[in-house]
Amino acid sequence: MRGSVVSLLPTATSTDVQEQQPRVAVLPVGSFEQHGRHLPLTTDTAIACIISQEIADAYRVHLLPPITMSCSHEHAGFPGTVSISAKTLYAMIDDIRASLARSGIHKLVIVNGHGGNYVLSNVVQEANVDGPAVSLFPLGADWDRARDHAGLISDRHADMHAGEIETSILLHTAPELVRDGFADADHDGGSRPFLLVQGTSSYTETGVIGFPSHATAAKGKAVLASLADSFARHLEILGLNG
């Protein structure tokens, strides 16, 4: 993944998939939304793809290309942000699941790079009524474990957006995407009780809510290693071996 935006797309051939015969697909879901002055609009998509590639390197999965726009309505106050509706995102994943099933793949892990995609929890909840079929990754516990493993200074609430963890992951895997200025971009957004009502712009002028000044490439590497380990439990829950 290092240093190549093109590698955010999977490169497997149909023959590769036929030979591998994966039982589970991995779908990165990102966003196209502001991430302050130092990270690109594609940050969440890049991170979802980076995590998914780590998974594909360690486990026998069918890696899918990303969904690059999602539910970023809370960032609408910032130029460049583009959203789709929750019902559109739901329909896209429903269609993808149906297509996978026709090819014999009945298990799916959604790798979510954007915390505002709340509808994905409902997608997973409904998909598993008749038995484990879909998992959402990383869960909060997966992120917390990765933060602890990497020795991050900030916590998940305070470091919500364009902060220590996102900047660290990109410094490790795609440093060309990180612009100068992140060392001076820290912003504490407080408790943010009405984020969904007022939007992100009510809690930050720059778009940053977090502490990118603490970011390092070494932390990003450790975060990804922890997440790759955590993924094994999701396969177990889906009734699959790694």
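First, a word on what this report is: a plain description of the structure on this page. This one's a predicted model, so the numbers in the text were calculated from it and none came from an experiment.

**A closer look at helix H8 (residues 217-237)**
An ideal rise of 1.5 Å per residue puts 30 Å on 21 residues; H8 measures up with 31 Å between its terminal C-alpha atoms. Along H8, the positions that sit buried rather than exposed are Lys219, Gly220, Ala222, Val223, Leu224, Ser226, Leu227, Ala228, Ser230, Phe231, His234 and Leu235. Packing partners of the buried residues in H8 comprise strand S1 (24-29), helix H2 (43-58), strand S3 (107-112), strand S4 (134-137), helix H5 (140-150) and helix H6 (164-173). Positive backbone phi, approximately 80°, marks Gly239, located one or two places after H8.

**Topic: the sheet that holds strand S2 (residues 62-63)**
Sheet architecture is open: four strands sit in the order S2-S1-S3-S4, paired in parallel fashion. Bordering the open sheet on either side are S2 and S4, each of which pairs with just one other strand. Packed on one face of the sheet, helix H4 (residues 119-127) meets S1, S3 and S4 and runs near 155° to S4. The strands touched by H8 within the sheet are S1, S3 and S4, with S4 carrying the most contacts at an inclination of about 160°.

**Comments concerning the pairing of S4**
Along S4, one buried face is formed by Val134 and Leu136 and the opposite face, lined by Ser135 and Phe137, is buried too. In this sheet, S4 lies alongside S3 in parallel orientation, the contact comprising four bridges. Paired with Leu108 across the bridge in S4 is Val134. For the segment spanning S3, H4 and S4, crossover handedness is right-handed.

**Notes on the packing of aromatic side chains**
Inspection of every chain in the model, using the stated rule, returns two aromatic pairs. Considering the side-chain rings of Tyr59 and Phe231, the 5.2 Å spacing of their centres and the 55° angle between planes classify their relative orientation as tilted. Here Phe231 lies in helix H8 and Tyr59 lies in the loop between H2 and S2, a separation of 172 residues in the sequence. Overall, Phe231 belongs to the buried group, its relative accessible area being 0%. Between the aromatic rings of Phe137 and Phe231, the centroid separation amounts to 5.4 Å while the plane-to-plane angle is 85°, which identifies the pairing as edge-to-face. Placement of Phe137 in strand S4 and of Phe231 in helix H8 is noted, with a sequence separation of 94 residues between them. Phe231 matches Phe137 in its accessibility class, with the two residues each being buried. Joined through ring pairs, the aromatic side chains of Tyr59, Phe137 and Phe231 make up one cluster.

**Structural notes on unusual backbone geometry**
With an omega dihedral of -5°, the bond running from Phe137 to Pro138 counts as a cis peptide bond. Notably, Gln21 is not glycine yet its phi reads approximately 50°, a positive angle. For Gln21, a relative accessible area of 58% translates into the label exposed. If you check the backbone angles, Arg192 has positive phi at about 55° while not being a glycine. Secondary-structure assignment places Arg192 in the loop between H6 and helix H7 (195-198). Take Arg192: its relative accessible area is 9%, and that puts it in the buried class.

Calculation rules
- Per chain, residues are indexed from 1 in the order of the written sequence.
- The predicted origin of the model limits local features to residues at a pLDDT of at least 70 and limits the giving and counting of side-chain atom pairs to 80 or more, whereas totals for whole chains, interfaces and linings rest on all residues.
- By convention in this description, side-chain values take in all heavy atoms of the structure and omit both hydrogens and water.
- Starting at the N terminus, helices and strands are each numbered in turn, a helix being any DSSP run of H or I of at least four residues and a strand any DSSP run of E of at least two.
- Helix span, as expected, comes to 1.5 Å for every residue beyond the first.
- Burial classes: relative accessible area under 20% of the type maximum marks a residue as buried, over 50% as exposed, and values in between as partly exposed (1.4 Å probe, protein chains only).
- Should any heavy atoms of two residues lie within 4.5 Å, those residues are counted as being in contact.
- When DSSP locates at least two bridges between a pair of strands, those strands are taken to pair.
- Angular values range over 0 to 180 degrees, each being the angle between N-to-C directions of two axes fitted as lines to C-alpha atoms, with helices fitted over their stretch in contact.
- Clockwise travel from the first strand over the helix to the second, with the strands pointing away from the viewer, marks a crossover as right-handed.
- Classification of ring pairs uses Phe, Tyr and Trp, with its six-membered ring standing for Trp, and accepts pairs whose centres are within 6.5 Å; under 30 degrees between planes counts as stacked, over 60 as edge-to-face, and the remaining range as tilted.

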